[in-house]
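Notes for the structure review
Single-letter residue listing:
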Amino acid sequence: MQRLRGLGRHLSLSRRRSGMAAREAGHFDVVIVGGGNSAGYACRELAERGFAGRVAVVSAEPVAPYERPALTKAFLHPPGAKVRARLPGFHTCVGGGGDRQTEAWYKEHNVTLMLDSLATALDLGAKKVIVESGDEALAITYDKLILATGAAALGPKDIGMENPELANVFTIREEAPAMEMIQALEAGQDSDSKRHLVIVGGGYIGMETAAALSGWGYETTMVFPDDHILARLFPDAIAEVFEAHLANRGIKVLNQTGVVGLVPSEADPSQVGGVKLKSGDVLPADFVVFGVGARINQALFKEAGLAPGEGRTGGVKVNGDFQTSDPDVFAIGDIAALHGLRRFEHVDFCRKSAQRAAAAIAAGPSGEGFPYLPYFYSRLFEYTDAPL
């Protein structure tokens, strides 16, 4: 039975074991908290600069860092597609033209991967991180710390949906639950009846997911409250072009439509059977994917007292070398608020911020600014003869 899972678990402080003493587990020259895209690129930069110290990567996921954007692109391609991304094929840093960093690569470069491990507490004064690993709590110390905690996809429970715990409801942020979704979709293809797939959200994730999953043969519908897809980026004219492409591929686009809940299946009440709209209507749905945004994982550094981004920016304030208010602590990727003013939740910024922070650790801070021009890209219908 497939159920919703999410990345935010790796900073769930509620899992801290009350009263359990942490076992001292050694000292590292650099500790990286978070095992996503940024972590992989930081390790590569350290290696390329000849950094000889011991490095540890603390990651909630059970696999080495990988190129997360693949999860809404080639990873979702239908059976029979020429290319279907699978690990180890998209470990970092293949997306940036670098080596495929498998677990063997990290071992070769003196990097300890602490996988399936949760960083639950940070003591800046003692330079110590408490890590839950298996059935024990570990204490590791550092000279330099890189926070790369990223963000967690928002699911139905986060946005107040009715019946949020139904099976066959997914978000796309981690490889393991995304693979569970793939397996559920593959099993669903054995059904003789018409199957329905609903994508909740009309943004970047929603558009890419709909484009990739429509090739599976399911009746696919996008539902979102905005006037058109990618409302934060696209003017009307560009949105109309993309919506026409989606419609021509058989994807229904229901804009200006709110979703209030999930409806159990009549055949199996533990599974989703429909999506309830604000109007009261119910769309049939054998599978539902939520692409309604993300929330940065900030509990660890908020408790530690690092200076935050200004106002609604959120995250951790960093300078041009990605140092926080504690000069021995760096923050990169989604959580880094450059000069406290802006954050960029994009893979390019994850890579470049990781490289800059690692360079500052290996060679000393540059003291320079970090001019950054954000951009946007997407890949749609790559598995077809007419990709966009």
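The structure we're discussing is the one just above.
The text that follows walks through the structure, step by step, so that each part is easy to find. (Residues numbered from 1 in each chain as written. Predicted model: local features only at pLDDT ≥ 70, side-chain atom pairs only at ≥ 80, totals over all residues. Heavy atoms only, no water.)

**Looking at the overall build of the protein chain**
The helix and strand inventory of the protein chain stands at seven helices and 19 strands. Scaling as 2.2 N^0.38, a compact globule of 388 residues should have a C-alpha radius of gyration of about 21 Å, and the protein chain matches this with 21 Å. Overall, the C-alpha framework of the protein chain stretches about 60 × 45 × 40 Å when taken along its three principal axes. For the protein chain, buried positions account for 52% of its 388 residues. A sequence separation of at least 24 residues applies to 67% of the contacts in the protein chain between residues at least 6 apart. Between the averaged position of the 39 positive side-chain charges in the protein chain and that of its 46 negative side-chain charges there is a distance of 2 Å. (Helix = DSSP H or I, 4+ residues; strand = E, 2+ residues; numbered from the N terminus. Rg over C-alpha atoms; globule rule 2.2 N^0.38 Å. Buried < 20%, exposed > 50% of the residue type's maximum accessible area, 1.4 Å probe, protein only. Contact = heavy atoms within 4.5 Å. Lys, Arg positive; Asp, Glu negative; His and termini not counted. Charge placed at Lys NZ, Arg CZ, Asp CG, Glu CD.)

**Focus on the sheet that holds strand β15 (residues 287-290)**
In a beta sheet, neighbouring strands pair by backbone hydrogen bonds and run either parallel or antiparallel. Strand order across the open sheet formed by five strands is β8-β15-β9-β10-β11, with parallel pairing between neighbours. The open sheet has two edge strands, β8 (169-171) and β11 (252-254), and neither has a second partner. Along the sheet, successive strands turn relative to each other by an average axial angle of 20°, direction set aside. Two strands pair when backbone bridges link them, and strand β9 (residues 196-200) and strand β10 (residues 219-223) are joined in this way by five bridges, in the parallel orientation. Along β10, the bridge assignment pairs His196 with Glu219. (Pairing = 2+ DSSP bridges. Axes fitted to C-alpha atoms, helices over the stretch in contact; angles between N-to-C directions.)

**Here we look at a negative patch on the surface**
Taken together, the side chains of Asp226, Asp227, Asp236 and Glu240 present a region of like negative charge at the surface. The partly exposed category is assigned to Asp226, whose relative accessible area is 36%. (Patch = residues over 30% accessible without salt bridge, like charges linked within 9 Å, V, L, I, M, F, W, Y side chains within 5 Å. Areas by Shrake-Rupley, 256 points an atom, 1.4 Å probe, with all protein chains shown as cover. Salt bridge = Lys/Arg side-chain N within 4 Å of Asp/Glu carboxyl O.)

**A closer look at the nonpolar core**
Judged by nonpolar contacts, the single largest core of 58 residues is most densely connected at Val31, Ile32, Val129, Leu145, Leu147 and Phe322. The residues touching Leu145, leaving out its near neighbours within four places in the chain, are Val31, Val33, Leu122, Val129, Asp328, Val329 and Phe330. Listed in part, the 37 residues of the second largest apolar core include Ile182, Ala184, Ala211 and Trp216. (Core = buried A, V, L, I, M, F, W, Y, C linked by side-chain atoms within 4.5 Å.)

**Thoughts on the packing of helix α1 (residues 37-48) against helix α7 (residues 347-363)**
Geometry of a packed helix pair, given as the angle between the helix axes and the separation of the axes. Across the interface, α1 lies against α7 with an axial gap of 8 Å and an inter-helix angle of 35°. Handedness of the crossing formed by α1 with α7: right-handed. Contacts from Asn37, Ser38, Tyr41, Ala42, Arg44, Glu45 and Leu46 of α1 reach α7 at Val347, Cys350, Arg351, Ala354, Gln355, Ala358, Ala359, Ile361 and Ala362. Of the residues belonging to the contact of α1 with α7, the class tally is ten nonpolar, three polar and three charged. (Left-handed = near helix turned anticlockwise from the far one by under 90°. Nonpolar A, V, L, I, M, F, W, Y, C, P; charged D, E, K, R; others polar.)

**Let's talk about the pairing of strand β1 (residues 23-33)**
Taken together, the eight bridges between β1 and strand β6 (residues 136-147) define a ladder with parallel strand orientation. Its bridge partner lying in β6, Ile32 is registered against Ile146. Where β1 meets strand β2 (residues 55-58), four bridges bridge the pair, whose relative direction is parallel. Paired with Val31 across the bridge in β2 is Ala56.

**Overview of the sheet that holds strand β12 (residues 259-264)**
Strand order in this open sheet of three strands is β12-β13-β14, and the pairing throughout is antiparallel. Single-partner strands in this sheet number two, and they are β12 and β14 (282-284). Strand after strand, the sheet turns through a mean of 30° between neighbouring axes, direction not considered.

**A few points about the packing of aromatic side chains**
Two measures describe an aromatic ring pair: the distance that separates the ring centres and the angle between the ring planes. Evaluated as defined, the whole model comprises 15 aromatic pairs. Of the aromatic side chains, those joined through ring pairs into one cluster are Phe322, Phe344, Phe349, Phe370 and Tyr372. Against the face of Phe75 rests Arg86, its NZ or CZ located 4.6 Å from the ring centre. Sitting over the ring of Phe381, Arg249 keeps its end group 4.1 Å from the ring centre. (Phe/Tyr/Trp six-rings, centres within 6.5 Å; stacked < 30°, edge-to-face > 60°. Lys NZ or Arg CZ within 6 Å of the ring centre and 35° of its normal.)

**So, helix α3 (residues 175-188)**
Between the first and last C-alpha of α3 there are 20 Å, a value that for 14 residues agrees with the 20 Å anticipated at 1.5 Å per step. Within α3, burial applies to Glu175, Pro177, Ala178, Met179, Met181, Ile182, Ala184, Leu185 and Gly188. On the buried face of α3, the contacting elements are β8, α4 (204-213) and β15. (Expected span 1.5 Å × (residues − 1).)

**Looking at the side chain of His77**
Locating His77 in the fold gives a position in the loop between β2 and α2 (103-108). Accessibility expressed as a relative area gives 5% for His77, which makes it buried. Among the polar contacts made by the side chain of His77, one reaches the main-chain carbonyl oxygen of Val83 at a distance of 2.8 Å. For His77, the contacting residues outside a window of four places in its chain are Val83, Arg84, Trp216, Glu382 and Tyr383. (Polar contact = N/O pair within 3.5 Å; in protein donor to acceptor, adjacent residues only side chain to side chain.)

**A look at the pattern of salt bridges**
Pairs can form between side chains of opposite charge whenever their charged atoms are close. Considering all chains together, one arrives at 18 salt bridges under this definition. A salt bridge links Lys128 to Glu24, with the shortest nitrogen-to-oxygen separation between them at 3.5 Å. Placement of the pair is Lys128 in strand β5 (residues 128-133) and Glu24 in strand β1, with a sequence separation of 104 residues. Overall, Glu24 belongs to the exposed group, its relative accessible area being 51%. Put simply, Asp321 and Arg356 hold a salt bridge, and the shortest N to O gap is 3.2 Å. Note that Asp321 is positioned in the loop between β17 (316-318) and β18 (329-331) and Arg356 in helix α7, a separation of 35 residues in sequence. Each member of the pair, Asp321 together with Arg356, is buried. Shared partners join several salt bridges into a network, and the residues in it are Lys127, Lys144 and Asp328.

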